[in-house]
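Structural features, examined
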Amino acid sequence: ENLRIRLMRALSRGLSSAPRRPVIVVHGGAWAIPELLTDRSVAGCEAAAAAGWEVLRRGGSALDAVETATRILEDDPAFDAGHGAVLNERGDVELDAIVMDGKSLNSGAVAAIGPVANPVSVARMVMQRTPHCLLVGEGATRFAQQQGVPLLRSSDLVTAEAQEQWRDMAAFPASVRQLFNTHPSTASDTVGAVALDMAGHLAAATSTGGITFKQAGRVGDSPIVGAGCYADDQAGAISCTGHGESIMRLTLARYALSLTHDRPPAQACAEALGQMYARVGGCGGTISVTPNGDVGIAFSTPRMAWACVRGEAEACSGIDRRRTAAEAGLAGASPLVEAVAL
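The following refers to the structure shown.

**Regarding the sheet that holds strand β7 (residues 229-232)**
Pairing between the strands of a sheet comes from backbone hydrogen bonds, and it takes one of two forms, parallel or antiparallel. Taken together, five strands build an open sheet; the order of strands is β7-β8-β9-β10-β13 and the sheet is antiparallel. Looking along the sheet, the strands with just one partner apiece sit at the ends: β7 and β13 (338-341). Each adjacent strand pair in this sheet contributes to an overall mean axis angle of 10°, direction not counted. Inspection of the sheet shows strand β9 (residues 284-289) paired to strand β10 (residues 295-299) by five bridges, in the antiparallel sense. The partner of Ile 287 across the bridge, within β10, is Ile 297. Along the sheet, helix α11 (residues 265-280) contacts β8 (236-242), β9, β10 and β13; its crossing angle with β10, the most-contacted strand, is approximately 25°.

Here is the structure:
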């Protein structure tokens, strides 16, 4: 009996140390993405996934890969994160971002940080250069400056379209739920990435510029561990997007991963999104990867831009549903959840 146990443990160690087939998945936000942004959104996700894959191909860590991919998305004004951020009620930029390491369960995040180009990198600095998990507001902005990160002007990050939208917006309390549910075409998006590296380690990142005309100081799900992001080598990695208050109430990231122990990740994420809508009425999207490298993508909004690379010849991307709610036989009160298994 003891010999069999030793043999099983040796086999387990051998399997865990064998090189894994790396994979990276990115998203550019789940909302009613207009036609004029669809091509740019998909192209931006493809570029980010390719950059992250290059890190993994060279033997880099999952953490490096998700930071690299998310920085690409933050630098693309097609997305609401970093460049392309939106303005709060006072006309200021407040950014949120998080990174999480599935090997150690360490995480770092910033919330309501001032205008910096790549908040995801500041979040990683919080993880690696402080004993904390989250810095907010003025303290997060001061920390970034202490680390040599340039503080930009809000106008450096905000597009002309975002400025026009801010001028047109009504008061925030009447719009936060409508942004993603009643009038999703006016929503702002979030970006994120998940990855599995050759060593078998997982990581996740999420970054956002928030919601146009949001109340100053409002923080959504993106920088919250277990809500907008989670990574655990024993469970999986996930990044979420959508109506932040709903995602926080359900702790969507942790909840969706908890379902993957007996379900494929696409099914688990779709069920979690369905449960979120049923319980608190919010819509959104997720990307996830399991410790075995299985990929799940799901969204309950009209569109979500995403891209995945798993091998030199295995790259794919998407944004649209494959069928409509009517084709699925769903009543208008229930959102169709699109699920993609890779």
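Back to the text.
**Digging into unusual backbone geometry**
Trans peptide bonds make up the majority, and among non-glycine residues the majority have a negative phi. In this model, Phe 213 sits at a positive phi of 65°, which is unusual for a non-glycine residue. Structurally, Phe 213 can be placed in the loop between β6 (202-208) and β7. Taking relative accessible area as the criterion, Phe 213 reaches 18% and is therefore assigned buried. You will see that Thr 251, though not glycine, has its phi angle at about 45°, which is positive. Here Thr 251 is to be found in the loop between α9 (244-250) and α10 (252-258).

**Description of the pattern of salt bridges**
For the structure shown, the criterion picks out 15 salt bridges. Arg 124 is the salt-bridge partner of Glu 67, the closest N and O atoms lying 2.7 Å from each other. Of this pair, Glu 67 sits in helix α3 (residues 62-74) while Arg 124 sits in helix α4 (residues 119-129), and the two are 57 residues apart along the sequence. In terms of burial, Glu 67 and Arg 124 fall into one category: buried. Between Asp 156 and Arg 153 there is a salt bridge, with the nearest N and O atoms lying 2.9 Å from each other. Classification of Asp 156 by relative accessible area gives partly exposed; the value is 31%. Via salt bridges that share partners, Arg 21, Arg 310 and Glu 314 belong to a single interconnected network.

**Considerations on the pairing of strand β12 (residues 315-318)**
Sheet analysis places strand β11 (residues 303-309) next to β12, joined by four bridges and oriented antiparallel. Within β12, the position partnered with Cys 308 by the bridge is Cys 316. Between β11 and β12, which pair antiparallel one after the other, the connecting turn spans five residues, and Gly 311 there sits at a positive phi close to 110°.

**Topic: the sheet that holds β12**
Spatially, β4-β3-β2-β6-β5-β1-β11-β12 is the arrangement adopted by the eight strands of the open sheet, whose pairing is mixed. Each edge of the open sheet is held by one strand with a lone partner, namely β4 (134-136) and β12. Here the strands of the sheet are splayed against their neighbours by 5° on average, with no regard to which way each runs. Sitting on the sheet, helix α2 (residues 35-57) is in contact with β1 (23-31), β5 (190-196), β11 and β12, with an inclination near 25° to β11. Lying on the sheet, α4 is in contact with β2 (95-101), β3 (107-113), β4 and β6; it crosses β3 at an angle near 130°.

**Topic: the environment of Glu 245**
The residue Glu 245 is located in helix α9 in this model. The exposure class assigned to Glu 245 is buried, which follows from its relative accessible area of 17%. The spatial distance from the C-alpha of Glu 245 to the C-alpha of Gly 220 is 6.1 Å, given a sequence separation of 25 residues. Within the local environment of Glu 245, its side chain forms a polar contact with the side chain of Arg 218, the two groups lying 2.9 Å apart.

Scoring rules and cut-offs
Residues numbered from 1 in each chain as written. Predicted model: local features only at pLDDT ≥ 70, side-chain atom pairs only at ≥ 80, totals over all residues. Heavy atoms only, no water. Pairing = 2+ DSSP bridges. Helix = DSSP H or I, 4+ residues; strand = E, 2+ residues; numbered from the N terminus. Axes fitted to C-alpha atoms, helices over the stretch in contact; angles between N-to-C directions. Contact = heavy atoms within 4.5 Å. Buried < 20%, exposed > 50% of the residue type's maximum accessible area, 1.4 Å probe, protein only. Salt bridge = Lys/Arg side-chain N within 4 Å of Asp/Glu carboxyl O. Polar contact = N/O pair within 3.5 Å; in protein donor to acceptor, adjacent residues only side chain to side chain.

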